[in-house]
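Close look at the chain arrangement
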Amino acid sequence: MTQENLEQEEKELETGMEQDETSADADVNTSDAVAEDTPEAMLEKALAQVEEYKDKYLRQVAEFDNYRKRVMKEKAELIKNGGERVVTAILPIIDDFERARDNMDKMEDVNAVKEGVELIIEKFLNALKHEGVEKIDAVGQPFDVDYHEAIATVPAPSDDMKGKVLDCVQTGYMLKDKVIRHAKVAVAK
């Protein structure tokens, strides 16, 4: 055999070996594909997916539980300290009442004392108004059970006053569109 023939045979052998390796790889891939389609493999995939969904579900439940606890804590804080702003607004008015009480004995002019008390009441009502509290206007208005509580009925002085409020015995108040105390009124019949 010549040198050329030897080289030719070596090339043929190498080519044959490569083809054998390629076909062996194809057999392995085919067997992997067949192994993946087996019921056991499908069951394993399904179980893995179930575990993944279970983990996601448990994380979501824990996250929601933490959110719920945080909201409850914030709500408790609001209830506990909700009136702080109102009390802070009222404290200067209490100071004014105390100063008025301390100076009443020294005052000889009753009208000055009355004027001082009127100013303090006005200041108090303005503080409440700033917090959203408003008086319910009743006298002369048509009787409305949503805002008024009738404690008496009196004969109407004229026909146009029938069903209207003639007198307000106790002032009613609203807090931001909600009645917190109905006005106690006398209604014309």
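These notes cover the structure that comes with them.

Scoring rules and cut-offs
- Residues numbered from 1 in each chain as written.
- Predicted model: local features only at pLDDT ≥ 70, side-chain atom pairs only at ≥ 80, totals over all residues.
- Heavy atoms only, no water.
- Helix = DSSP H or I, 4+ residues; strand = E, 2+ residues; numbered from the N terminus.
- Patch = residues over 30% accessible without salt bridge, like charges linked within 9 Å, V, L, I, M, F, W, Y side chains within 5 Å.
- Areas by Shrake-Rupley, 256 points an atom, 1.4 Å probe, with all protein chains shown as cover.
- Salt bridge = Lys/Arg side-chain N within 4 Å of Asp/Glu carboxyl O.
- Pairing = 2+ DSSP bridges.
- Axes fitted to C-alpha atoms, helices over the stretch in contact; angles between N-to-C directions.
- Parallel < 35°, antiparallel > 145°, perpendicular 65-115°, else oblique.
- Contact = heavy atoms within 4.5 Å.
- Nonpolar A, V, L, I, M, F, W, Y, C, P; charged D, E, K, R; others polar.

Even without a glycine there, the phi angle at Lys 176 is positive, about 50 degrees. Its location among the elements puts Lys 176 in the loop between strand E4 (172-175) and strand E5 (178-181).

The grouping of Tyr 57, Leu 58 and Val 61 at the surface amounts to a nonpolar patch, some 310 Å² of accessible area in total. With respect to the helices and strands, the residue Val 61 is situated in helix H2 (residues 39-81).

What follows is about the sheet that holds strand E2 (residues 148-154). Taking strand neighbours across the sheet as the criterion, the three strands line up as E2-E6-E3 in an open arrangement whose pairing is mixed. Edge positions in the sheet fall to E2 and strand E3 (165-170), since each has one partner strand and no second. Taken pair by pair, the neighbouring strands of this sheet meet at an average axis angle of 30 degrees, ignoring direction. The pairing of E2 with strand E6 (residues 183-188) spans six bridges and is classified as parallel. By the bridge assignment for E6, Val 154 is matched with Ala 188.

Glancing now at the packing of helix H3 (residues 84-104) against helix H4 (residues 110-130). At a minimum axis distance of 9 Å, the contact between H3 and H4 shows a crossing angle of 170 degrees. Relative to H4, H3 is oriented roughly antiparallel. For the pair formed by H3 and H4, the contact residues are Ala 89, Ile 90, Pro 92, Ile 93, Asp 96, Phe 97, Ala 100 and Met 104 on the first element and Val 113, Val 117, Ile 120, Lys 123, Phe 124 and Ala 127 on the second. Here the contact of H3 with H4 is composed, by residue class, of twelve nonpolar, no polar and two charged.

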